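Each chain is listed here by its residues.
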Amino acid sequence: MGEMLELSPDEERIMIRDIALSSQSNSKEGDTFFLITQRWWQHWIEYVNQDQSNNSYDGSSFLEYGDLPNSNALKRPAVIDNSDLIDDSVSEDSSTGIDIHDTLLEGRDYVLLPQEVWNQLYAWYGGGPTLPRKVISAGLSQTELAVEVYPLRLQLLMLPRNDRTSIRISKKETIGQLHRKACEIFDLPLDQVCIWDYYARRKNALMNDMDKTLDDANIQMDQDILVEVINNTNDTSSAHENGSAQREANSVLVEPSNSNLSIAGGLSASRVPSRSYNADLSSSQNLNPPARDAENPYGSGVTTRGSVSGLTGLLNLGNTCFMNSAIQCLVHTPEFARYFREDYHQEINWQNPLGMVGELALAFGELLRKLWAPGRTPIAPRPFKAKLARFAPQFSGHNQHDSQELLAFLLDGLHEDLNRVKHKPYIKSRDADGRPDEEVADEYWANHIARNDSIIVDVCQGQYKSTLVCPVCNKVSVTFDPFMYLSLPLQSTSSRTMTVTVFTCDGTALPSPCTVTVPKQGRCKDLIQALSNACSLKHNERLLLVEVRNHLIHRFLEDPLQLLSTIKDDDHVAVYKIPKIEKNTKYLQLIHRRREHDSHTVSGWKPYGTPIVSLISCDDPVTRGDIQVIVNRMLSPLLRKSGNTEHTNTETSITKAAGDNASSDAYATNLVSNSVNKAGRMPTLPLLLIDESNACIDLSMGEDKVVKLPSSSTLLVYIDWSQKLLEKYDTHPLETLPEVLKYGPVSKKARTEPLSLYTCLEAFLREEPLVPEDMWYCPQCKERRQASKKLDLWRLPEVLVIHLKRFSYSRSMKHKLETFVNFPVHDFDLTNYVANKNNSRRQLYELYALTNHYGSMGSGHYTAHIKLLDENRWYNFDDSHISPISEDDVNTAAAYVLFYRRVRSDDDSVSNGA
């Protein structure tokens, strides 16, 4: 440790902050960053901040690390000790030098410091070991800078001596540099050595383009490189011929995710400089990796069961349980296990523009082989995670994701990477035109296979019949479409509960919420009818339905055929009782405003509460006093009882007169008739009318002045509620507008009454109208129509994947259904649900795997239950921890994605007809 002047903790903090801020703006490719253990760094952070009353420094987030101990006696840290980052298990014959653990996470285990910051800390404290890492260009465009925390680790195999060694080398190093390193390690002359991409233990490509980077050559972490000694030019020539026979790009490179944190494999994907040394730790704390993995990533979980394979766990890299659970289910699908353990490389479609040039298939295949290898410790799926982040950025980083969405991406991506069809023909689908379903279905399937033919299609794809019926001309359209999985709804009922707030415009009552039950697939007319019955609507009244958002009317729901599914559970809906007249009227929309106060100033008028709507007759000229009368009537229920008695009595008489009118016309006429006389006895309210030019007209003066009505159907009026006015009116009833459906804890009844998987399937197959966004173009009407749609199962796959739709998404929230679904483990019989009656065999399935989701959206945890078919025994796969479970424990309310495999009997036909 070098000598230094004695600095106070705050002086150290300021000096490091200034050095960091200076280096932050000058980072470039080739710069060096240094790993420092999070444990020591956190100690130093607490030490230098102990005298600070708060953690805000000039607006910078540097050195802000949450709550610090309230102590003035923190000791200065000892020497820097990075030993907890070092992997002592590295073999002695390795040439990798000092190696770090494979499961480290930035922010949890280590921090990346710029060289200048490290040099200063090292000068003050000394210690080590020193762990430098280079800045490289990264990303698809190679324009982002990232710290290569994990350079490639390659296994060099030298023939004919059969020597082996491991090396670390940057993915940005060239093949020529790898060639020179190999020759130095094995003490061989450069001109007598050629190196091969020895991925999967076979010669895939001769690596003879010396200027090509290992990144561009698709060299992956932990793969083999063959170092071959050649004796003459004939051998070299032969090597070139063999190498050119194979495509080079058939291995998985290590690629960073686009997250803001370093991934535990490959690179720190945070843009340089790393956020970890100058940002709040809250981002890394949100990773929530299981403590068991952080403390002992290698020593826990089931690794072997004698000679049994398939019981290898996956380490959690930080909220990657969603990925681990889906991977384990796919890996333990027998057809996939056989396929990827054999030589599948010849089926990789390198040219498919819809695929990932084989990289996803290779990454998955390599991971599957590792998981099925006997005697393996839990695996860190870092290369696969990096590849996933490259091709599907939505799964990058360390946030929790939906395992079903990942599963859908994997199945589709693997299919395209392994599609045996190299050039997809263009095929125009023919309409059924009255032909037998069997003929049309076979034609559609043949057309599908002509463009899509892979192991994924062989195993997972089925076919359903889709029938559309035009509601106008009754045109019937039948198509037969493929499916990869079935997404089944969990709602067991066909009804829906909706809460709507009812307002009167005649001053007869305060607004009140009304809860009604309507058909789940119903339309607005059903809701209007249910509300009419519930609120005792008079014969001369009708209801106006609106959605309110941000204290303004967002949309009028006046189309009686509009689907109720367009109204989400977290929407706010109001309904207004207005006169039932067809005469010349407009809506008067009253919007409430009040001043917003902050701690220093009074800002402008802002909308609040719920708008109120009334009708105004346009047959006669409308004056400012007329609008005052109507608004007074609308607000009369809000008058405080301790207010002016004269006003109250006046409003009561007006209200009574309006309510007692037997004629609808008289009721409408009363909205404006004799209004000037009555206005003279009413309070003048601070009303502003918005005209067509968006100008504000003060309605509190000149009550006899005629108002120019807008050409639109709505007259917009603001009322500004001053504190003085609020002493006369109580506006609280306007300020609470409940959601259509307020979610609460799952009721005991919902928890105890199981929902059958068959019931979910029947709901999925039930006929229902299309949502407006999916309007169908009727070829007979030549118009887009809201057709009814009916699905039927026609052809079932070998492996049937069923997604239980537990998660619902709306504009402002995500909700999880905790419904217990009673699904069969054995004898899942779909025979009666298949529309193709020409196939006589029974459609029986048995469960062999499923994913589970525990907890709430975003912060929950995924596991998998998997049956090892060779053992006929169920296991719980919880990341790296695997434990046996009984079959009775398989079915829980956490079940999310189910994997069924066809049960074959002796009399099954060979045909895949259903």
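Rules used in this analysis
- Residues numbered from 1 in each chain as written.
- Predicted model: local features only at pLDDT ≥ 70, side-chain atom pairs only at ≥ 80, totals over all residues.
- Heavy atoms only, no water.
- UniProt positions renumbered as here; feature names shortened; annotations may be inferred.
- Helix = DSSP H or I, 4+ residues; strand = E, 2+ residues; numbered from the N terminus.
- Buried < 20%, exposed > 50% of the residue type's maximum accessible area, 1.4 Å probe, protein only.
- Contact = heavy atoms within 4.5 Å.
- Areas by Shrake-Rupley, 256 points an atom, 1.4 Å probe, with all protein chains shown as cover.
- Pairing = 2+ DSSP bridges.
- Axes fitted to C-alpha atoms, helices over the stretch in contact; angles between N-to-C directions.
- Parallel < 35°, antiparallel > 145°, perpendicular 65-115°, else oblique.
- Nonpolar A, V, L, I, M, F, W, Y, C, P; charged D, E, K, R; others polar.
- Salt bridge = Lys/Arg side-chain N within 4 Å of Asp/Glu carboxyl O.
- Polar contact = N/O pair within 3.5 Å; in protein donor to acceptor, adjacent residues only side chain to side chain.
- Phe/Tyr/Trp six-rings, centres within 6.5 Å; stacked < 30°, edge-to-face > 60°.
- Lys NZ or Arg CZ within 6 Å of the ring centre and 35° of its normal.
- pLDDT = per-residue confidence, 0-100.

As annotated in an unreviewed UniProt entry, the chain carries the name Ubiquitin carboxyl-terminal hydrolase and comes from Arachis hypogaea. UniProt's Catalytic activity (unreviewed entry) comment on the chain is quoted here verbatim: "Thiol-dependent hydrolysis of ester, thioester, amide, peptide and isopeptide bonds formed by the C-terminal Gly of ubiquitin (a 76-residue protein attached to proteins as an intracellular targeting signal)." Under the heading Function (unreviewed entry), UniProt records this for the chain: "Recognizes and hydrolyzes the peptide bond at the C-terminal Gly of ubiquitin. Involved in the processing of poly-ubiquitin precursors as well as that of ubiquitinated proteins."

Helix and strand content of the chain: 23 helices and 40 strands. Within the chain, the fraction of its 914 residues that count as buried is 54%. A fraction of 74% describes how many contacts in the chain between residues 6 or more apart in sequence connect residues 24 or more apart. Within the structure as shown, the chain displays about 40,200 Å² of accessible surface, and the carbon and sulfur contribution to it stands at 48%.

Turning next to the sheet that holds strand 27 (residues 768–769). Taken in spatial order, the four strands make up an open sheet running 13-12-30-27, and their pairing is antiparallel. Taken across any chain shown, the strands that pair with only one partner, and hence form the sheet edges, are strand 13 (476–483) and strand 27. Sheet topology places strand 12 (residues 462–469) next to strand 30 (residues 788–795); seven bridges connect them, and they run antiparallel. Residue leucine 468 lies in a different strand from strand 30, and its bridge partner there is lysine 789.

If you trace the backbone, leucine 527 turns up in helix 15 (residues 524–534). We classify leucine 527 as buried; its relative accessible area is 0%. Each C-alpha atom, one on leucine 527 and one on methionine 498, is 8.4 Å from the other, the two residues being 29 residues apart in sequence.

A word on the packing of helix 9 (residues 334–341) against helix 10 (residues 359–372). Running from N to C, helix 9 and helix 10 cross one another at 105 degrees; their axes reach a closest spacing of 9 Å. Classified by the angle their axes make, helix 9 and helix 10 are roughly perpendicular. On the side of helix 9, the interface is formed by Phe336, Ala337, Phe340 and Arg341, while helix 10 contributes Ala361, Phe364, Gly365, Leu368, Arg369 and Trp372. Looking at side-chain class alone, the contact of helix 9 with helix 10 contains seven nonpolar, one polar and two charged residues.

Opposite charge on two side chains lets them pair, provided their charged atoms get close. Within the structure shown, the criterion is met by 26 salt bridges. The closest approach of N and O atoms between lysine 465 and aspartate 437, which form a salt bridge, is 2.7 Å. You can see lysine 465 sitting in strand 12 and its partner aspartate 437 sitting in helix 13 (residues 437–451), a full 28 residues away along the chain. Residue lysine 465 is classed as buried on the basis of its relative accessible area of 14%. Taken together, the salt bridges that share partners define one network made up of Glu347, Arg420, Asp453 and Asp458.

So, on to helix 2 (residues 38–48). With nine of 11 residues buried, helix 2 lies mostly within the body of the structure. For helix 2, every residue scored as buried is listed here: Gln38, Trp40, Trp41, Gln42, Trp44, Ile45, Glu46, Tyr47 and Val48.

Let us look at helix 23 (residues 757–765). Residues of helix 23 that are buried: Leu757, Cys760, Leu761, Ala763, Phe764 and Leu765. Capping the start of helix 23, serine 756 holds a side-chain oxygen 3.1 Å from the backbone nitrogen of tyrosine 758, two or three residues further along.

Mapping histidine 179 onto the fold places it in helix 4 (residues 175–186). Once residues within four sequence positions are removed from consideration, histidine 179 is found in contact with Leu190, Val193, Cys194, Ile195 and Met210.

Strands sit in the order 8-7-11-9-10 across an open sheet of five strands; the sheet is mixed. Either end of the sheet is taken by a strand with one partner, and the two such strands are strand 8 (163–169) and strand 10 (205–206). One ladder, built from two bridges, connects strand 9 (residues 193–197) with strand 10; its direction is antiparallel. Across the sheet, residue aspartate 197 finds its bridge partner in strand 10, namely alanine 205.

Right, let's get into the packing of helix 11 (residues 382–391) against helix 12 (residues 403–417). Running from amino to carboxyl end, helix 11 crosses helix 12 at an angle of 85 degrees, the nearest separation of the two axes being 12 Å. By the angle between their directions, the pair helix 11 and helix 12 is classed as roughly perpendicular. Across the interface between the two elements, Phe384, Leu388 and Phe391 of helix 11 pack against Leu406, Phe409 and Leu410 of helix 12. When grouped by side-chain class, the residues that make up the contact of helix 11 with helix 12 number six nonpolar, no polar and no charged.

With that settled, consider the pairing of strand 40 (residues 895–902). Of all eight residues in strand 40, seven are buried, a share of seventy percent or more. Pairing between strand 31 (residues 799–804) and strand 40: five bridges, direction antiparallel. Within strand 40, the residue paired with leucine 800 across the bridge is tyrosine 900. As paired strands, strand 36 (residues 844–854) and strand 40 are joined by seven bridges and run antiparallel to one another. From the neighbouring strand, leucine 847 faces strand 40, where its bridge partner is tyrosine 900.

Now for the pairing of strand 38 (residues 873–878). For strand 38, a buried count of five out of six residues is recorded, marking the element as mostly surrounded by other parts of the structure. Hairpin connection from strand 37 (residues 861–868) to strand 38: four residues lie between these consecutive antiparallel strands, with asparagine 872 at a positive phi of about 55 degrees. In terms of strand pairing, strand 38 meets strand 39 (residues 881–885) through five bridges, oriented antiparallel. Paired with tyrosine 875 across the strands is proline 884, a residue of strand 39. Between strand 38 and strand 39, which follow one another and run antiparallel, lie two residues, and aspartate 879 among them has a positive phi close to 55 degrees.

This part covers the packing of aromatic side chains. Following the criterion strictly, the structure yields 23 aromatic pairs and no others. Ring centres 5.4 Å apart and planes at 70 degrees place the aromatic pair tryptophan 721 and tyrosine 729 in the edge-to-face group. Tryptophan 721 sits in the buried class, given a relative accessible area of 2%. When the ring of tyrosine 758 is compared with that of phenylalanine 828, the centres are 5.4 Å apart and the planes differ by 55 degrees; the resulting orientation is tilted. You can see tyrosine 758 sitting in helix 23 and its partner phenylalanine 828 sitting in strand 35 (residues 828–829), a full 70 residues away along the chain. An aromatic cluster of at least three residues, connected via ring pairs, comprises Tyr339, Phe340, Tyr344, Phe364 and Phe384. The positively charged end of arginine 382 is found above the aromatic ring belonging to tyrosine 150, 4.7 Å away from the centroid.

What follows concerns unusual backbone geometry. It is generally the case that most residues other than glycine have a negative phi and that most peptide bonds are trans. In this chain, glycine 128 is followed by proline 129 through a cis amide linkage whose omega measures -5 degrees. Tracing the backbone through its elements, the reader meets proline 129 in the loop between strand 4 (127–128) and strand 5 (132–138). Phi at asparagine 474 is positive, roughly 65 degrees, even though this residue is not glycine. By the element assignment, asparagine 474 lies in the loop between strand 12 and strand 13. In this structure asparagine 474 comes out as exposed when scored by relative accessible area, which is 55%. Even without being glycine, lysine 782 reaches a positive phi, approximately 60 degrees. The exposed category is assigned to lysine 782, whose relative accessible area is 55%.

Okay, the environment of glutamine 589 next. Along the polypeptide, glutamine 589 turns up in strand 20 (residues 585–597). Glutamine 589 sits 22 residues away from proline 611 along the chain, and the two C-alpha atoms are 6.7 Å apart. What glutamine 589 contacts, discounting residues up to four positions off in sequence, is Ile553, Phe556, Pro611, Ile612, Val613, Thr714, Leu715, Leu716 and Val717.

As a further point, take the confidence of the model for the chain. For the chain, the average pLDDT comes to 77, and 76% of its residues sit at 70 or higher. Confidence over residues 53–72 falls short of pLDDT 50; this stretch has 50 contacts with residues more than four positions distant or in other chains. Across residues 744–753, where pLDDT falls below 50, the model places three contacts with residues more than four positions away in sequence or in other chains.

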